[in-house]
Amino acid sequence: MSSIPQFSIAEGSPIVPTQAKHPELGGICLDRIGLERVGVERIRALPKLGQVMAASRLEVRPIPEMAASGVGVLDTLTGGWPRGCLSEICGSASSGRSSVMLAGLSAATQRQEVCALVDASDMFDPESGAAAGVDFERLLWVRCDASVREPRRHRITEKRNKNSAEMEPAVEQAMRVTDLLLQSGGFGMVVVDLGGVPFRTVRRIPVASWFRYQRAVEHAATVLLVITPAPCTQSCAMTQVKLSATGCYLSVRGEAIPAHAKLLGGISVEGELLRTRLVKPVRSVRAAFDTRAVRGVN
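From a predicted model like this one, the values you see are computed outputs, not experimental measurements. Throughout this description, residue numbers start from 1 for each chain and increase along the sequence as written. For this predicted model, a pLDDT threshold of at least 70 governs which residues receive local features, and a threshold of 80 or more governs which side-chain atom pairs are given and counted, while totals over whole chains, interfaces and linings are taken from all residues. Computation of side-chain values covers all heavy atoms of the structure but excludes hydrogens and water.

As for the overall build of the protein chain
Put simply, DSSP H or I for four residues or longer makes a helix, DSSP E for two residues or longer makes a strand, and each gets a number counted from the N terminus. Regarding its fold elements, the protein chain presents 8 helices and 12 strands. Expressed as a percentage of its 298 residues, the buried residues of the protein chain come to 40%. The contact criterion used is simple: two residues touch if any of their non-hydrogen atoms lie within 4.5 Å. Looking at the protein chain alone, contacts between residues at least 24 apart form 69% of all its contacts between residues at least 6 apart. In these tables, accessible area is a Shrake-Rupley quantity obtained with a 1.4 Å probe, and a residue counts as shielded only by the protein chains included in the view. As displayed, the protein chain offers around 17,800 Å² of accessible surface, 54% of which is attributable to carbon and sulfur atoms. Exposed residues in this analysis have more than 50% of their type's maximum accessible area, buried residues have under 20%, and partly exposed residues fall in between, with area computed by a 1.4 Å probe over protein chains only.

Re unusual backbone geometry
Residue Gln112 is not a glycine yet carries a positive backbone phi of 65°. Structurally, Gln112 can be placed in the loop between helix H3 (97–110) and strand S6 (115–119). With a phi close to 55°, Asp122 is a non-glycine residue in the positive phi region. By the secondary structure assignment, Asp122 is in the loop between S6 and helix H4 (126–132).

A look at the nonpolar core
If you look at the biggest cluster of nonpolar residues, it comprises 29 residues, and the most contacted ones within it are Leu194 and Trp210. Counting residues per element, the ones that place at least two in this core are S6, helix H6 (164–184), strand S8 (189–193), helix H8 (207–217) and strand S9 (223–228). The dominant element in this core, judged by the number of residues it contributes, is H6, at 8 residues. When residues no more than four places from it in sequence are discounted, the contact partners of Leu194 are Ala120, Val202, Ile205, Trp210, Val226, Ile227, Thr228 and Pro229. Note on terminology: a nonpolar core comprises buried Ala, Val, Leu, Ile, Met, Phe, Trp, Tyr and Cys residues joined through side-chain atoms within 4.5 Å.

Details of the confidence of the model for the protein chain
The score called pLDDT rates the predictor's confidence residue by residue, from a low of 0 to a high of 100. Of the residues in the protein chain, 64% reach a pLDDT of 70 or more, and the chain-wide mean stands at 76. This model gives residues 24–30 a pLDDT under 50, and the stretch forms 17 contacts once residues within four places in sequence are excluded. Scored below 50 in pLDDT, residues 148–161 makes 17 contacts in the model with residues more than four places away or belonging to other chains.

Notes on the packing of aromatic side chains
Classification of ring pairs uses Phe, Tyr and Trp, with its six-membered ring standing for Trp, and accepts pairs whose centres are within 6.5 Å; under 30 degrees between planes counts as stacked, over 60 as edge-to-face, and the remaining range as tilted. What the rule picks out here adds up to 3 aromatic pairs. Ring plane angle 80° and centroid distance 6.1 Å describe the contact between Trp210 and Tyr213, whose orientation is recorded as edge-to-face. Of this pair, Trp210 and Tyr213 both sit in helix H8, 3 residues apart, which is roughly one turn of the helix. With relative accessibility at 1%, the residue Trp210 sits in the buried group.

Focus on the environment of Thr239
On the secondary structure map, Thr239 appears in strand S10 (residues 239–249). Overall, the relative accessible area of 0% leaves Thr239 in the buried class. When the C-alpha atoms of Thr239 and Gly80 are compared, they prove to be 9.2 Å apart, with 159 residues separating the residues in sequence. Setting aside its immediate chain neighbours within four residues, Thr239 contacts Thr78, Trp81, Pro82, Leu86, Ser87, Glu88, Leu273, Arg275 and Thr276.

Description of the pairing of S9
Regular strands place their side chains on alternate faces of the sheet. The element S9 is largely enclosed, with a buried count of 6 among its 6 residues. Side chains Val223, Leu225 and Ile227 project from S9 onto one buried face, and the interleaved Leu224, Val226 and Thr228 project onto a second face that is buried too. Alignment of strand S5 (residues 85–90) against S9, held across 6 bridges, turns out to be parallel. Residue Ser87 lies in a different strand from S9, and its bridge partner there is Leu225. The pairing criterion for strands is at least two bridges between them, as found by DSSP.

Observations regarding H8
Residues of H8 that are buried: Ser209, Trp210, Tyr213, Gln214 and Val217. One face of H8 carries all of its buried residues, which in axial projection span an arc of 140°. Away from its buried face by more than 90 degrees, H8 exposes Ala208 and Arg215. Taken from the helix axis, the directions to the C-beta atoms give the arc we talk about.

Take a look at the structure:
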């Protein structure tokens, strides 16, 4: 009967071949523990793995610097938006996500920071941004729909009804532009607005793209904020907040409203902290705030 060499390793002793018979099969088998130890030693001897560091010796990353979101309730809930990290705001239409985005851009531009807005669906309203206090001298607005030359606020419904195939080129352009902006650096905040894109299109974005963005921004003082209709960035996001509308009110204090008219005064919004790497919440944490409708003066 042919014999099979077996390797066994004792602590502090060299590797020596041994043989052992299997009690049931009646033949010679390999010692599993011995082979595992031999495999570990061979892996450690590989030159490419010579620089591998044990997990216990890895450097602990410091807590990132936080930037104010412009909404006091959200700052209490999340501590602000972390710099050098990816944060995500998700919610359906009329959930307050645009209001939170404008508040963040306003707070950043008022801190004299240069910001960039990548508008994948071309739905940004400059008048609303001006009313929120955004300094357009410090804002780079990238409109990804190249076929549009003038703002089409009255055709928003048509935009939302577009299918996924029609929105895919704009999303691809938005992802390429975001990559270039993060690689160039120098921005205090980069916002990628995918809120008006169908969720079927957004969820097709590879997770590798979000990881690449996170790696590109991790050593910079940039806040990377992504607006999506539903959670998409998964574990790449340092902070993830879901917004939902809980109600609305029809009048605003101090406004002259005709007796025969009912005007929307604002929306009541509830924010839920879905994910954070800074503080582990024991349960779902929520906060509520109100948004106010802004109307032009004739």
